[in-house]
Amino acid sequence: MSVVKHIQAAVNISLTKIFNQPFTEKDYQINQIKEDFKGDYSIVLFSLLKKTGLSPKELGDKLVDYLKRDYQNLFSGFELIKGFLNVEINDVFWLEILPAASNENFGSQQPSGRKSMVEYASPNTNKPLHLGHLRNIFLGWSVAEILKANGNEVFKTCIVNDRGIHICKSMIAWLRFGGGETPQSSGIKGDHLVGKYYVKFNEIYKAQIADLEQGGMSTPEAEKEAPIMLEAQQMLLDWETGKPDIIELWKKMNGWVYAGFDETYKQTGSDFDKTYYESETYLLGKEIVQMGLDKGVFYKKQDGSVWIDLTAEGLDEKLVLRKDGTSVYITQDIGLALQKYQQFGIDENIYVIGDEQNYHMKVLKLICQKLNIPNADNIFHLSYGMVELPSGKMKSREGTVVDADDMISEMISTAEKHTTALGKTAGFNEEELKALFHTLGLGAMKFYLLRVDPKKRMIFNPEESIDFHGFTGPFIQYTHARIKSIIRKAGEIPPLASCTQPLLPQEKTLAITIEQFPVVVQQSAAELNPSFLANYIYQLAKQFNSFYTDLSVLNAESEEKKILRLHFSVITAQVLKKGLNLLGISAPERM
RNA sequence: GGUCCGGUAGCUCAGCUGGAUAGAGCAUCAGCCUUCUAAGCUGAGGGUCAUUGGUUCGAAUCCAAUCCGGAUCACCA
């Protein structure tokens, strides 16, 4: 039970006794106290004045009488300022937290029996991953870990968009202009190679449009008639009819892309329990449409197309099956939603997808609910904002897309530069150094992308790049490494004895923050928002650094304090490490 | 145009289930390494919380309107 809950219980019971009517924590608020005031937590009395008919002073005095009398173990001090009853928590209470916090499961919950699926990454196979994908991947991975910490069984999944006109564009360009180039022959990573031909396609396409316009054709007409586009469309038809040489080419080029993606995933430390391919799922959902028709959820227009009317929900009419009977994007999503449930028995189904699909996801959920797909109420869209450049959106046409692989290697070499400049890595062998640079580079990048509220779009400045000081991953990693250094020097750490000297402010601050860790983990899970955790571990690291500067651990003023501070150190390191890990970031022992 | 999201320091972001004097980092300036790793610590300057009105004892936070920015409203995915 958290400190706040203890305070609430004490206040509820006292108020109920005093006024002879029930009170709950909903009747008032408890805040952590601001720095300049004395005490640890503040009970805000204003909202109680009406119900009790007393002035802040009268109510405060009365409440203090009861709390003082009945809860002397919990409270060690009171101060009433205006309508704020500031309470100080007994040192004993904070000390009691330490053993529980030392447990390596601190912050995690008991198994909940809930099964969650987190779908993330979900790339197209026509070009390499970019910075936006990284935000997606880091979010998805982290949320999955956070849900695990909350006791859920989690399945990470990825739906690969491996079919459609976009991949045909790369294919046709490669066929016409590739000269048999392969990743092996060119030394280019597979996804980049395929991306190169996607770009090539667009160049040719643009040139052909210009030519046609020269010949007097209108722009829309030219866009339709450009030979290379016609070829790509023909190829899509051939793919759909299963023409062997097209299928073979498609498999070959997608294979290159997968090998490339796998390498990137490996670099980022992400993985999936189950990968779905659209080429295998795009036909799903047709039966469901029939079922929906029977139920009257959908209706058929005269031309044979099938629709759902969502105008009552404030949305539009939405097509779910074309007049020629083929499925559209949402059809397969409905099918896949059901399949996910059937295969994994999931209680909740989370989609990490950019906010440009907010509408689509709203529609998807509504349709699933209307069709009574099990647990459709627990379809959640973890919607995140675009990553933009100071100049605006990333545009592939203008070559301003920040490539994921470039970004990663740049971060790693920046980490190397910083580390080398500081010259603290005596005793590292080459392999350890390499691992360290990777840990720090990725840590900086992940933290940078995860510390921001997912739903907000964020601006990435390539010029200033990602920092290693201040509110960053390496700052926290550094704090962790410094603590570990102390612990190594301390040797065997004696168990916590009784503490006779009062807690110093720097010690108490740590205790208060550490105590909140499980609540933060729960909150991050409930809101599907890792940024809470990022902010939290930053705050803890900062507080520890002050503690570290102001107080000595190994040369503490007494043996008792030394042991106490060692325990604080061990626990802080553990919480920092666990917090970082939940963000997908490793905590180095030395740096 | 309809719907949805956002607007907080020069820049990037917290705070938004209403509470005390709106906080961090970066950048700028001034200090701190004979003592556990200075990727650190301490301090200073920097704000019309987009605007206006409303609700309230109390509003950055809730409501309404307006302005600005973005997304979306395909027989694309």
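Enquirer: Tell me about the overall build of chain A, and name the residues and values.
Expert: A tally of helices and strands in chain A yields 22 helices and 14 strands. Seen through its C-alpha atoms, chain A measures out along the principal axes to roughly 90 × 65 × 45 Å. For chain A, the residues scored as buried account for 52% of the 591 residues in total. If you take every contact in chain A between residues at least 6 apart in sequence, the share linking residues at least 24 apart comes to 74%. In the structure as shown, chain A presents an accessible area of about 28,100 Å², 50% of it carried by carbon and sulfur atoms. Across chain A, the centroid of the 65 positively charged side chains sits 3 Å from that of the 74 negatively charged ones.

Enquirer: I'd love a proper account of the domain arrangement of chain A, names of residues and values included.
Expert: Its domain assignment divides chain A into domain 1 (3-89), domain 2 (164-278) and domain 3 (404-582). Of the residues lining the interface, six residues belong to domain 1; the matching set on domain 3 comes to four residues. Our count for the domain 1 to domain 3 interface comes out at two salt bridges. Two residues, Lys508 and Asp40, come together in a salt bridge whose shortest N-O distance is 3.4 Å. At the boundary of domain 1 with domain 3, the tally comes to four residue pairs in polar contact (both at pLDDT 80 or more). Taken together, the residues of the side of domain 1 that touches domain 3 sort by class into three nonpolar, one polar and two charged.

Enquirer: Lay out the protein's contact with RNA strand B with the relevant residues and their values.
Expert: The full set close to RNA strand B counts 66 residues, and Asp303, Lys393, Lys424, Tyr478 and Leu551 are the nearest of them. Here a phosphate oxygen of RNA strand B and a backbone polar atom of Ile459 are 2.7 Å apart. At the level of elements, strand E2 (41-44), strand E4 (84-89), helix H16 (404-422), strand E14 (458-459), helix H18 (473-490) and helix H21 (531-550) are the ones that each hand at least two residues to the surface near RNA strand B. Of the residues forming the surface near RNA strand B, the biggest block, eight residues, is contributed by H21. The residue inventory of the surface near RNA strand B, partitioned by class, reads 27 nonpolar, 18 polar and 21 charged.

Enquirer: Tell me about unusual backbone geometry, and name the residues and values.
Expert: Residue Asn20 is not a glycine yet carries a positive backbone phi of 60°. The topology assignment puts Asn20 in the loop between helix H1 (3-19) and strand E1 (29-32). Taking the relative accessible area as the measure of exposure, Asn20 reaches 72% and is therefore exposed. With phi around 50°, Leu528 is a residue other than glycine that occupies positive phi space. Within the secondary structure layout, Leu528 lies in the loop between helix H20 (517-526) and H21.

Enquirer: Run through the sheet that holds E4, naming residues and quoting values.
Expert: Across the sheet, which stays open at both edges, the four strands sit in the order E1-E2-E4-E3 with antiparallel pairing between neighbours. Strand pairing shows two members of the sheet lacking a second neighbour, E1 and strand E3 (75-81), which therefore form its edges. Strand-to-strand twist across the sheet, computed as the mean angle between neighbouring axes with direction ignored, equals 25°. Across four bridges, the pairing between E1 and E2 is antiparallel. The residue bridging Gln29 from the neighbouring strand is Val44, located in E2.

Enquirer: So what's going on with a positive patch on the surface? Residues and values would help.
Expert: A grouping of Lys206, Lys393, Lys395 and Arg397 is seen on the molecular surface, where their side chains present a positively charged patch. Structurally, the position occupied by Arg397 is in the loop between strand E13 (387-388) and H16.

Enquirer: Account for the environment of Ser327, naming residues and giving values.
Expert: Along the chain, Ser327 falls in the loop between strand E10 (317-321) and helix H14 (329-344). Sequence separation between Ser327 and Met1 is 326 residues, and the spatial gap between their C-alpha atoms is 52 Å. Those residues in contact with Ser327, other than ones at most four positions away along the chain, are Tyr282, Leu283, Lys286, Leu321 and Arg322. A polar side-chain atom of Ser327 sits 2.7 Å from the main-chain carbonyl oxygen of Tyr282.

Enquirer: Mind laying out the pattern of salt bridges, listing which residues take part and the relevant values?
Expert: Per the counting criterion, the structure on display carries 25 salt bridges. In this structure, the salt-bridge partner of Glu119 is Lys340, at a minimum N-O distance of 2.7 Å. In this pair, Glu119 sits in strand E5 (residues 115-119) while Lys340 sits in helix H14, placing the two residues 221 residues apart along the sequence. Owing to a relative accessible area of 6%, Glu119 belongs among the buried residues under this scheme.

Enquirer: Can you tell me about empty space enclosed by the protein, naming the residues and giving the values?
Expert: Using the criterion set out here, one finds one cavity of 30 Å³ or more in the structure. In this structure, the largest cavity spans a volume of roughly 60 Å³. Forming the walls of the largest cavity are Ala337, Tyr341, Ile346, Asp347, Glu348, Asn349, Ile373, Pro374, Asn375, Ala376 and Ile379. Secondary-structure elements contributing two or more residues to the lining of the largest cavity are H14 and strand E11 (348-354).

Enquirer: Give me helix H19 (residues 505-515): which residues, what numbers.
Expert: With respect to burial, H19 is a largely interior element, eight of its eleven residues being buried. Where H19 is concerned, the buried positions are Glu507, Lys508, Leu510, Ala511, Ile512, Thr513, Ile514 and Glu515.

Enquirer: Lay out the sheet that holds strand E9 (residues 306-309) in plain terms, naming residues and giving numbers.
Expert: Ordered in space as E8-E9-E10, the three strands form an open sheet in which the pairing is antiparallel. Strands at the two margins of the open sheet, each flanked by one partner only, are strand E8 (299-300) and E10. By the bridge criterion, two bridges tie E8 to E9 in an arrangement that is antiparallel. Counted as the bridge partner of Tyr299 is Trp307 from E9.

Reading the values: the criteria
- Residues numbered from 1 in each chain as written.
- Chains lettered and ligands numbered in written order.
- Predicted model: local features only at pLDDT ≥ 70, side-chain atom pairs only at ≥ 80, totals over all residues.
- Heavy atoms only, no water.
- Helix = DSSP H or I, 4+ residues; strand = E, 2+ residues; numbered from the N terminus.
- Buried < 20%, exposed > 50% of the residue type's maximum accessible area, 1.4 Å probe, protein only.
- Contact = heavy atoms within 4.5 Å.
- Areas by Shrake-Rupley, 256 points an atom, 1.4 Å probe, with all protein chains shown as cover.
- Lys, Arg positive; Asp, Glu negative; His and termini not counted.
- Charge placed at Lys NZ, Arg CZ, Asp CG, Glu CD.
- Domains from an automatic or database assignment.
- Salt bridge = Lys/Arg side-chain N within 4 Å of Asp/Glu carboxyl O.
- Polar contact = N/O pair within 3.5 Å; in protein donor to acceptor, adjacent residues only side chain to side chain.
- Nonpolar A, V, L, I, M, F, W, Y, C, P; charged D, E, K, R; others polar.
- Near = heavy atom within 4 Å.
- Pairing = 2+ DSSP bridges.
- Axes fitted to C-alpha atoms, helices over the stretch in contact; angles between N-to-C directions.
- Patch = residues over 30% accessible without salt bridge, like charges linked within 9 Å, V, L, I, M, F, W, Y side chains within 5 Å.
- 1 Å grid on protein atoms, 1.4 Å probe; cavity = no way out; pocket = protein on both sides within 12 Å on 5 of 7 lines; lining within 4 Å.
- Points joined across faces, edges and corners; volume = space filled by probe spheres on them.

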